Amino acid sequence: MELENVVPWGRSFSEYKEIFALSKNDVKQKILGCGDGPASFNAELTRLGGNVVSIDPVYKFSSDQIRLRIDEVYPQVISQVVKNRNDYVWKSIASVEDLGKVRMDAMKIFLGDYKAGKESGRYIDASLPVLPFNTNSFGLALCSHYLFLYSEHVSQEQHILSMRELCRVAKEVRVYPLLSLDGEKSRHLDPVMSALTNNGINVLIKPVKYQFQKGATEMLVAKCV
Ligand SMILES: C[S@@+](CC[C@H](N)C(=O)[O-])C[C@H]1O[C@@H](n2cnc3c(N)ncnc32)[C@H](O)[C@@H]1O
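Report follows, based on the coordinates. Please read these numbers as outputs of a predicted model, since none were measured by experiment. (Residues numbered from 1 in each chain as written. Predicted model: local features only at pLDDT ≥ 70, side-chain atom pairs only at ≥ 80, totals over all residues. Heavy atoms only, no water.)

## Observations concerning the layout of surface pockets
Moving on, step 1. What the largest pocket holds in volume is close to 1,500 Å³.
Moving on, step 2. What lines the largest pocket is a set of 48 residues, among which Val7, His145, Leu149, Tyr150 and Leu181 lie closest to the centre.
Moving on, step 3. Those elements giving two or more residues to the lining of the largest pocket turn out to be helix H3 (63-83) and helix H4 (96-119).
Moving on, step 4. When residues of the lining of the largest pocket are assigned to their parent elements, the largest contribution, four residues, is made by H3. (1 Å grid on protein atoms, 1.4 Å probe; cavity = no way out; pocket = protein on both sides within 12 Å on 5 of 7 lines; lining within 4 Å. Points joined across faces, edges and corners; volume = space filled by probe spheres on them. Helix = DSSP H or I, 4+ residues; strand = E, 2+ residues; numbered from the N terminus.)

Take a look at the structure:
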């Protein structure tokens, strides 16, 4: 992964809570955040006393490198959103300005935590479909805005291998959204669900309260053990 190909964009703990319908018991588990990038989920949950590890290939870069890249891509991402504003639900995030603030606030919290978190092993440079953890290391693995969303860039085989790997390291896996970038249901969803079912993994689709990308109202839940 080259820095010039990275578009850092991160969500907050409260967004993750809605995205994955996280209960009080859920956040007490040992959690893996997969593809967390510059989200503030790890920083905020750690501050609240949670036990969370995030992996992302972007963690091979320093905080200065990620900060510079955020500043570089921010205007581009915002102008894309302005162009495609009808693809989003402007409710809890009320406007493009609001979106910019919510995302920048989250990424600032991440950047403030990144050095200490990296040193203590909470931010690990790793990439699906291979994770550097023992079997059943986590109670819950969460994957926000990577699998299914990037269906045109990540193959069906990579999706299946990634889900199997997440199920190897965690007892339960939740993935959101189930739509790809074009707003349509991911073409990998049905094959992934069939492959996991054939492996004896119980999969179901659950509604969630969160919605920003229009129609993204469901998560995939895999009960792995
Ligand atoms: C759109 S961002 C989502 C960030 C965060 N999860 C959130 O929802 O705010 C997608 C993330 O997936 C990460 N990513 C790309 N390839 C990956 C891989 N093979 N395994 C894990 N994460 C990957 C990117 O570096 C990026 O941080």
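On we go.
## Regarding H4
Moving on, step 1. Taking 1.5 Å of rise per residue, the 24 residues of H4 would be expected to cover 34 Å, and the 35 Å separating its terminal C-alpha atoms lies within 8% of that figure.
Moving on, step 2. The complete set of buried residues in H4 reads Val96, Leu99, Gly100, Arg103, Met104, Ala106, Met107, Phe110, Leu111, Asp113, Tyr114 and Gly117.
Moving on, step 3. Looking at the buried residues of H4, the elements they touch are helix H1 (13-19), helix H2 (41-47), H3 and strand S3 (123-124).
Moving on, step 4. One or two positions beyond H4, positive phi appears at glycine 121, with a value near 80 degrees. (Expected span 1.5 Å × (residues − 1). Buried < 20%, exposed > 50% of the residue type's maximum accessible area, 1.4 Å probe, protein only. Contact = heavy atoms within 4.5 Å.)

## A word on unusual backbone geometry
Moving on, step 1. For the bond from leucine 128 to proline 129, the omega torsion is 15 degrees, close enough to zero to count as cis.
Moving on, step 2. Considering the arrangement of structural elements, one finds proline 129 in the loop between S3 and strand S4 (138-144).
Moving on, step 3. A cis amide bond links tyrosine 176 to the next residue, proline 177, at an omega of -5 degrees.
Moving on, step 4. Here proline 177 is to be found in the loop between strand S5 (170-176) and helix H6 (189-198).
Moving on, step 5. Phi angles above zero are rare outside glycine, and histidine 145 is one such case at about 60 degrees.
Moving on, step 6. The residue histidine 145 is located in the loop between S4 and helix H5 (156-169) in this model.
Moving on, step 7. Overall, histidine 145 belongs to the buried group, its relative accessible area being 15%.
Moving on, step 8. Even without being a glycine, phenylalanine 148 presents a positive backbone phi close to 70 degrees.
Moving on, step 9. Residue placement: phenylalanine 148 occurs in the loop between S4 and H5.

## Some remarks on the pattern of salt bridges
Moving on, step 1. Inspection of every chain in the model, using the stated rule, returns twelve salt bridges.
Moving on, step 2. For glutamate 15, the salt bridge goes to arginine 103, with nearest N and O atoms at 2.8 Å. Taken as a pair, glutamate 15 in helix H1 and arginine 103 in helix H4 lie far apart in primary sequence, 88 residues in all. Per residue, the accessibility class of glutamate 15 equals that of arginine 103, and both read buried.
Moving on, step 3. Aspartate 105 serves as the salt-bridge partner of lysine 101, at 2.6 Å between the closest nitrogen and oxygen. Residue lysine 101 and its partner aspartate 105 are located together in helix H4, separated by four residues, close to a single helical turn. (Salt bridge = Lys/Arg side-chain N within 4 Å of Asp/Glu carboxyl O.)

## Re the side chain of histidine 145
Moving on, step 1. A distance of 3.4 Å separates a polar atom in the side chain of histidine 145 from a polar atom in the side chain of arginine 11.
Moving on, step 2. Apart from the residues within four sequence positions on either side, histidine 145 is in contact with Arg11, Ile19, Tyr150, Tyr176 and Pro177. (Polar contact = N/O pair within 3.5 Å; in protein donor to acceptor, adjacent residues only side chain to side chain.)

## Describing the environment of aspartate 125
Moving on, step 1. With respect to the element layout, aspartate 125 can be found in the loop between S3 and S4.
Moving on, step 2. Looking at aspartate 125, the relative accessible area reads 44%, which means it is partly exposed.
Moving on, step 3. Separated by 43 residues in sequence, aspartate 125 and arginine 168 have C-alpha atoms that sit 19 Å apart.

## What about the nonpolar core?
Moving on, step 1. Phe20, Phe41, Leu142 and Tyr176 are the most contacted members of the largest nonpolar core, which totals 42 residues.
Moving on, step 2. Secondary-structure elements contributing two or more residues to this core are H1, H2, H3, H4, S4 and strand S7 (218-223).
Moving on, step 3. If you tally residues by element for this core, the top one is H4, at seven residues.
Moving on, step 4. Ile55, Ala141, Leu178 and Ala222 belong to the second-largest nonpolar core, a separate cluster that totals 32 residues. (Core = buried A, V, L, I, M, F, W, Y, C linked by side-chain atoms within 4.5 Å.)

Keep in mind these numbers describe shape, not what the thing actually does.
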